[in-house]
Amino acid sequence: MAARAEASRKNDPERTKEDILVVATEEFATHGLAGARVDAIAERTRTSKRMIYYYFGGKEGLYLSVLERAYRKIRTLEEDLKLASLAPEEALRTLIASTFDHDEANPDFVRLVSIENIHHAAHMLRSEAIRDLNVSVIETIAGILERGIAEGAFKRQADPIDVHMLISAFCFFRVSNRYTFGTIFRRDLSEPETMTRHKGLIADAVIQYLKG
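Residues numbered from 1 in each chain as written. Predicted model: local features only at pLDDT ≥ 70, side-chain atom pairs only at ≥ 80, totals over all residues. Heavy atoms only, no water.

Caption draft 1: Structural view of the side chain of Arg 178. Tracing the sequence through the fold places Arg 178 in helix α10 (residues 178-185). Residues in contact with Arg 178, not counting those within four places in the same chain, are Glu 104, Phe 173, Leu 189 and Ser 190. (Helix = DSSP H or I, 4+ residues; strand = E, 2+ residues; numbered from the N terminus. Contact = heavy atoms within 4.5 Å.)

Laid out in structure tokens, this is it:
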């Protein structure tokens, strides 16, 4: 059985790398860069430390690949929304809902970004892939804003990066500060009614800002 599994990995290295990245995402999100153990990742994926180093060049290389995969996932989701075919307000509300749902469903992404901020984005600075991936969302928002102005749906000439930050800040905060915020104010941010209200709140806030 073990021999067949090993042969399968040799025949499908991309699947092996994906399996490693899935487990590594959880390991880094739970323990941070310093606390994560490559041995633990190797054990859970039934690979070896040597194989992981061969594929990713080391622990920091694996961590950076995890970050790149996390950003690629959310940017791919956004591309699949086909926002250019929607009216400007509908497009923006759809993008906001997608961001909200993604962050809610992927707390590991939020933790990874928080960890990288602790490191002053030192690893992201080495990744052209992350920079290139995140250009797309700004271009998407810029296109929606331009169409909104041209069609009279929006009045404010807004910076697309500011709009992206406004959306990201609210959606991210709900997940990153869920436990502290919930403890202080005795409110469960994961309650369906609260989530529905908050999703509408951030969408309405952004749209009203653009219409003002």
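Moving on, there is more to tell.
Caption draft 2: A look at the UniProt feature "domain: HTH tetR-type" (unreviewed entry) in the chain. Taking the UniProt record as the reference, the feature "domain: HTH tetR-type" (unreviewed entry) is found at residues 14-74. The span residues 14-74 is 89% helix and 0% strand, and its two end C-alpha atoms sit 20 Å from each other. (UniProt positions renumbered as here; feature names shortened; annotations may be inferred.)

Caption draft 3: Local environment of the packing of aromatic side chains. Overall, the coordinates contain six aromatic pairs when judged by the stated rule. Between Phe 173 and Phe 181, the ring centres sit 5.6 Å apart and the planes meet at 85 degrees, which makes this aromatic pair edge-to-face. Residue Phe 173 is classed as partly exposed on the basis of its relative accessible area of 36%. With 4.7 Å between their ring centres and 50 degrees between their planes, Phe 181 and Phe 185 make a pair best called tilted. One end of the pair is Phe 181 and the other is Phe 185, both in helix α10 and four residues apart, which spans about a single turn. Owing to a relative accessible area of 28%, Phe 181 belongs among the partly exposed residues under this scheme. By the ring-pair criterion, three or more aromatic residues cluster together here, those being Tyr 54, Tyr 55 and Phe 56. (Phe/Tyr/Trp six-rings, centres within 6.5 Å; stacked < 30°, edge-to-face > 60°. Buried < 20%, exposed > 50% of the residue type's maximum accessible area, 1.4 Å probe, protein only.)

Caption draft 4: Structural detail: the side chain of Thr 47. Topologically, Thr 47 is positioned in the loop between α3 (38-45) and α4 (49-56). Residue class for Thr 47 comes out buried when judged on its relative accessible area of 18%.

Caption draft 5: Inspection of the packing of helix α2 (residues 13-35) against α3 at higher detail. Two numbers describe how α2 lies on α3: the axes approach to 9 Å, and their chain directions differ by 135 degrees. One way to sum up the angle between α2 and α3 is to call them oblique. Handedness of the crossing formed by α2 with α3: right-handed. Residues Asp 19, Ile 20, Val 23, Ala 24, Glu 26 and Glu 27 of α2 touch α3, and the partners they reach there are Ala 40, Ile 41, Arg 44 and Thr 45. Taken together, the residues that form the contact of α2 with α3 break down as five nonpolar, one polar and four charged. (Axes fitted to C-alpha atoms, helices over the stretch in contact; angles between N-to-C directions. Parallel < 35°, antiparallel > 145°, perpendicular 65-115°, else oblique. Left-handed = near helix turned anticlockwise from the far one by under 90°. Nonpolar A, V, L, I, M, F, W, Y, C, P; charged D, E, K, R; others polar.)

Caption draft 6: Quick peek at α2. In a regular helix each residue adds 1.5 Å, so 23 residues correspond to 33 Å; α2 covers only 27 Å between its end C-alpha atoms and thus falls short of that length. Along α2, the largest kink reaches about 75 degrees and is centred on Ala 29. Residues of α2 that are buried include every one of Thr 16, Ile 20, Leu 21, Val 23, Ala 24, Thr 25, Glu 27, Phe 28, Ala 29, Gly 32 and Leu 33, and no others. (Expected span 1.5 Å × (residues − 1). Bend = angle between axes of the 7 residues up to and from the residue.)

Caption draft 7: Region of interest: the environment of Arg 186. By secondary structure assignment, the location of Arg 186 is in the loop between α10 and α11 (192-211). When its relative accessible area of 70% is taken as the criterion, Arg 186 is described as exposed.

Caption draft 8: Representation of the UniProt feature "DNA-binding region" (unreviewed entry) in the chain within the structure. As recorded in UniProt, the sites labelled "DNA-binding region" (unreviewed entry) are residues 37-56. The span residues 37-56 carries 80% helix and 0% strand; its end-to-end C-alpha distance comes to 14 Å.

Caption draft 9: Fine view of the nonpolar core. Residues Phe 28, Ile 52, Leu 62 and Leu 112 are the most contacted members of the largest nonpolar core, which totals 29 residues. At the level of secondary structure, the elements contributing two or more residues to this core comprise α2, α3, α4, α5 (59-79), α7 (107-118) and α8 (128-150). Ignoring sequence-local partners within four residues, the contact set of Ile 52 consists of Ile 20, Val 38, Ile 41, Ala 42, Thr 47, Gly 57 and Leu 62. Counting 21 residues, the second largest nonpolar core, distinct from the first, contains Val 137, Leu 145, Phe 154 and Ile 202. (Core = buried A, V, L, I, M, F, W, Y, C linked by side-chain atoms within 4.5 Å.)

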